Amino acid sequence: MNQQSTRDDDTAVLDLADGLHREAEQVLADIRLSRILRPYGEVVPTGSYYLNVMVYPDIDLYFPRVAVEKLFEIGGQFASDERVVQVVFEQGDASMPGGLYLKLRIAIGERQRLWKVDLWSLDQELIEQKMGVMRHFAAQLTPALRLQILRYKLSVMTPAGRTPMYSGYFIYKAFIDQGLTDFSAVTRYLQLNGIQIG
């Protein structure tokens, strides 16, 4: 796992992340996300979009808990846009108790991979709990750490063009809370926490 980089490499990595973040904001505007979800409360960015450490087109958002029937109405509003090519509903898992989930896949832009928007409808208390962790990461995220996280993410991209499933939280924790700097050590930490890599 190559950990060496040049200034040009680093610039390209930062440009990728900044470009994805700008595109993400445009995608959300194009599908009228704010207008559709505004009646239900605040939409809260989270994950790599919130931290500005995106390496592929994936956006995670929380919004207040709504009834299942209402969530299907919301999904229908998104699906009315022909660029939204998939809307998937799921019940929350153990990490999101009581939550409801909508996954949108969106054909916008020139990237080979479709944009994915993960929408979690959660109780406000759970949103605050989850965002407390994200705010902690954001407060500790120096420019140097951001670059290291981005470079590590790019080093473990899967053939599907994404980071390993559920790895984001543990990547941030490894670099920010555990103080790990060696990419092999970060990979071992992820594997110890059940993340499949390689």
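Placed above this text is the structure.
This write-up is about the structure you can find in this document. Computed from a prediction, not measured in an experiment: that's the story for all the values here.

1. Observations concerning the packing of helix H1 (residues 7–30) against helix H6 (residues 143–155)
The packing of two helices is summarised by the inter-axis angle and the distance between the axes.
Logical step 1: Two numbers describe how H1 lies on H6: the axes approach to 10 Å, and their chain directions differ by 85 degrees. Taken together, the axis directions place H1 and H6 in an arrangement best described as roughly perpendicular. On H6, the residues touching Asp10, Val13, Leu14, Leu16, Ala17 and Asp18 of H1 are Arg146, Leu147, Leu150, Arg151 and Leu154.

2. Section: the nonpolar core
Logical step 1: In terms of nonpolar packing, the biggest core is built from 35 residues, with Tyr62, Ile149, Tyr152, Tyr172 and Leu190 touching the most fellow members.
Logical step 2: Listed by contribution, the elements that provide at least two residues to this core are H1, strand S5 (115–122), helix H5 (124–140), H6, helix H7 (168–177) and helix H8 (183–192).
Logical step 3: Ranked by the residues each element gives to this core, the list is headed by H7, at six residues.
Logical step 4: Formed by 26 residues, the second largest nonpolar core is a distinct cluster that contains Leu33, Leu102, Ile106 and Val117.

3. Comments concerning the packing of aromatic side chains
Logical step 1: Inspection of the entire model under this criterion finds eight aromatic pairs.
Logical step 2: Ring geometry for Phe175 against Phe183: centres 6.3 Å apart, planes inclined by 85 degrees, an arrangement best described as edge-to-face. Each member of the pair, Phe175 together with Phe183, is buried.
Logical step 3: Three or more aromatic residues joined by ring pairs make a cluster, and in this case those are Phe137, Tyr169, Phe170 and Tyr172.

4. Quick notes on H6
Logical step 1: Compared with the 18 Å implied by 1.5 Å per residue over 13 residues, the 18 Å span of H6 between its first and last C-alpha is a close match.
Logical step 2: Along H6, the residues classified as buried are Arg146, Leu147, Ile149, Leu150, Arg151, Tyr152 and Lys153.
Logical step 3: Considering only its buried residues, H6 is in contact with H1, helix H3 (47–51), H7 and H8.

5. Focus: the pairing of strand S2 (residues 58–64)
Logical step 1: Most of S2 sits out of view: seven of its seven residues are buried.
Logical step 2: Here strand S1 (residues 44–46) runs beside S2; their pairing, made up of three bridges, is antiparallel. What sits directly across from Pro45, in S2, is Leu61.
Logical step 3: Relative to S5, S2 runs parallel, the two sharing seven bridges.

The rules behind each value
In every chain, residue numbers begin from 1 and rise along the written sequence. It should be noted that, the model being predicted, local features are given only for residues of pLDDT at least 70 and side-chain atom pairs only at 80 or more, the latter also being counted only at that level, while totals for whole chains, interfaces and linings use all residues. For the side-chain quantities, the full set of heavy atoms in the structure was used; hydrogens and water were omitted. Lines fitted to the C-alpha atoms define the axes, with helices restricted to the stretch that makes contact. Angles between their N-to-C directions range from 0 to 180 degrees. A run of H or I in DSSP becomes a helix once it reaches four residues, and a run of E becomes a strand once it reaches two; helices and strands are each numbered from the N terminus. For this classification, under 35 degrees means roughly parallel, over 145 means roughly antiparallel, 65 to 115 means roughly perpendicular, and everything else is oblique. Residue contacts are counted whenever heavy atoms from the two residues lie within 4.5 Å of one another. Here the nonpolar core consists of buried residues drawn from Ala, Val, Leu, Ile, Met, Phe, Trp, Tyr and Cys, with membership extended through side-chain atoms lying within 4.5 Å. When a residue's accessible area, from a 1.4 Å probe over protein chains only, is under 20% of the maximum for its type it is buried; when over 50% it is exposed; and in between it is partly exposed. The pairing test for Phe, Tyr and Trp rings, Trp by its six-membered ring, is centres within 6.5 Å, and the orientation test on the planes gives stacked under 30 degrees, edge-to-face over 60, and tilted for anything in between. Expected span, for any helix, means 1.5 Å times one less than how many residues it has. Strands were regarded as paired on the criterion that DSSP finds at least two bridges between them.

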